[in-house]
Amino acid sequence: KFSGVTRMILGDWKLSGISTFATGGRGNVSVSYAPAFDNSGGGETCGNYNIVGDITLPRGERSIDRWFNTDAVKPVTTTGDLGNDCDPWKFRLPGFNNHDLSLFKDFRLKGGQVLQYRWEIYNVANSVSFQTVNTAAVFNPNTGAQTNSNFGKVTAARAERRMQMA
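Residue numbering note: each chain is counted from 1, following its sequence as written. The predicted origin of the model limits local features to residues at a pLDDT of at least 70 and limits the giving and counting of side-chain atom pairs to 80 or more, whereas totals for whole chains, interfaces and linings rest on all residues. Only hydrogens and water are set aside when side-chain values are computed; all heavy atoms of the structure are taken into account.

What counts as a helix is a DSSP run of H or I of at least four residues, what counts as a strand is a run of E of at least two, and both are numbered from the N terminus. A count of helical and extended segments in the protein chain gives one helix and twelve strands. Listed by position from the N terminus, the elements making up the protein chain come as α-β-β-β-β-β-β-β-β-β-β-β-β. Partly exposed residues are those whose accessible area sits between 20% and 50% of the maximum for their type, while under 20% is buried and over 50% is exposed, using a 1.4 Å probe and protein chains only. Classification of the 166 residues of the protein chain by burial places 28% in the buried group. By sequence separation, contacts in the protein chain at least 24 residues apart represent 71% of the contacts at least 6 residues apart. By element, 53% of the accessible surface of the protein chain is carried by carbon and sulfur atoms, the whole surface being about 10500 Å². The contact criterion used is simple: two residues touch if any of their non-hydrogen atoms lie within 4.5 Å. Residue-level accessible areas treat just the shown protein chains as cover; the underlying method is Shrake-Rupley with a 1.4 Å probe.

Bringing the nonpolar core into the picture now. With 17 residues, the main nonpolar core has Val29, Val31, Tyr49, Ile55, Phe68 and Val73 as its most contacted residues. Contributing elements (two or more residues each) for this core: β3 (30-33), β4 (49-51) and β10 (136-139). Not counting chain neighbours up to four residues away, the residues in contact with Ile55 comprise Val29, Phe68, Asn69, Ala72, Val73, Lys90 and Phe91. As used here, the term nonpolar core means buried Ala, Val, Leu, Ile, Met, Phe, Trp, Tyr and Cys residues forming a set that is joined through side-chain atoms within 4.5 Å.

pLDDT measures the predictor's confidence residue by residue and takes values from 0 up to 100. When pLDDT is averaged along the protein chain, the result is 87, and 88% of the positions lie at 70 or above. The secondary structure element of the protein chain with the lowest average pLDDT is helix α1 (residues 4-10), at 73, and the one with the highest is strand β12 (residues 162-165), at 96.

Let's shift gears to the pattern of salt bridges. Only one rule defines a salt bridge in this text: a Lys or Arg side-chain nitrogen within 4 Å of an Asp or Glu carboxyl oxygen. Overall, the coordinates contain three salt bridges when judged by the stated rule. Among the ionic pairs, Glu120 bridges to Arg118, the shortest N-O distance being 3.5 Å. Ionic pairing is found between Arg162 and Glu160, a salt bridge with its closest N-O pair at 3.3 Å. On the basis of relative accessibility, which here comes to 46%, the residue Glu160 falls in the partly exposed class.

Omega for the peptide link from Ala34 to Pro35 comes to 5°, which places this bond in the cis form. You can see Pro35 is positioned in the loop between β3 and β4. Phi is positive for Asn123, close to 55°, though the residue is something other than glycine. Within the secondary structure, Asn123 is located in the loop between β8 (114-122) and β9 (130-133). The exposure class of Asn123 is buried, given its relative accessible area of 4%.

Turning to the sheet that holds β12, a few remarks are in order. Paired through their backbone hydrogen bonds, the strands of a sheet run either parallel or antiparallel. Any two strands with at least two DSSP bridges between them are considered paired. Ordered by their spatial adjacency, four strands build an open sheet running β1-β7-β8-β12, and the pairing between neighbours is antiparallel. Edge positions in the sheet fall to β1 (14-22) and β12, since each has one partner strand and no second. Shown here is a sheet whose adjacent strand axes are inclined to one another by a mean of 10°, direction ignored. Sheet topology note: the β8/β12 ladder contains four bridges and is antiparallel. Residue Ile121 lies in a different strand from β12, and its bridge partner there is Met163. Between the N-to-C directions of two axes lies an angle of 0 to 180 degrees, each axis being a line fitted to C-alpha atoms and, for a helix, fitted only over the stretch in contact.

Stacked, edge-to-face and tilted are the three classes for Phe, Tyr and Trp ring pairs, Trp counted by its six-membered ring, which pair at centre distances within 6.5 Å; planes under 30 degrees apart are stacked, over 60 edge-to-face, the rest tilted. Counted according to the given criterion, the structure contains five aromatic pairs. With 6.1 Å between their ring centres and 35° between their planes, Tyr33 and Phe139 make a pair best called tilted. Of the two residues, Tyr33 sits in strand β3 while Phe139 sits in strand β10, which places them 106 residues apart along the sequence. Judged by centre distance (6.0 Å) and plane angle (80°), the rings of Trp67 and Phe130 are edge-to-face. Taken as a pair, Trp67 in the loop between β4 and β5 (73-75) and Phe130 in strand β9 lie far apart in primary sequence, 63 residues in all. Here Trp67 falls in the buried class, since its relative accessible area comes to 11%. A relative accessible area of 22% means that Phe130 is categorised as partly exposed. Note on geometry: a ring has a charge over it if NZ (lysine) or CZ (arginine) is within 6 Å of the ring centre and within 35 degrees of the ring normal. Directly above the ring of Trp67 sits Arg62, whose terminal nitrogen or CZ lies 5.5 Å from the centroid. Positioned over the ring face of Phe107 is Lys105, at 5.0 Å from the centre of the ring.

Listed below in structure tokens is the structure:
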């Protein structure tokens, strides 16, 4: 048991926390052509590109540099080819696990007033959680080459560990 000043300093601390476990949202690819190329002849397109094979990579093959199978996205090459992609959902974007903690204590003051000390830690494990993936392919219609060097790459992460005291 604590007594006096020791109890006032070391006693009655409270710990609170929250954990979030979230799967990633639905990922879709967008395609543009540079220089411009109207494959439909009239502007009506389904996806204006073709999906060949499985665009989803197995979990163990995903990386910062390749979140989904970019090789499965191919340009249309002739007028009248509307592409075969009408599915609005192709793969799952990165999810995340996050843990936040709060440590706090109320100090009783004269006259019934209370002073609260609070220490809050966000992303206490300081784990990296990917957030944004570049899903915009840019094809050269003359060569069929994909020219966006960031296509399929993770381009942002959620915040690192942060702390505040109040």
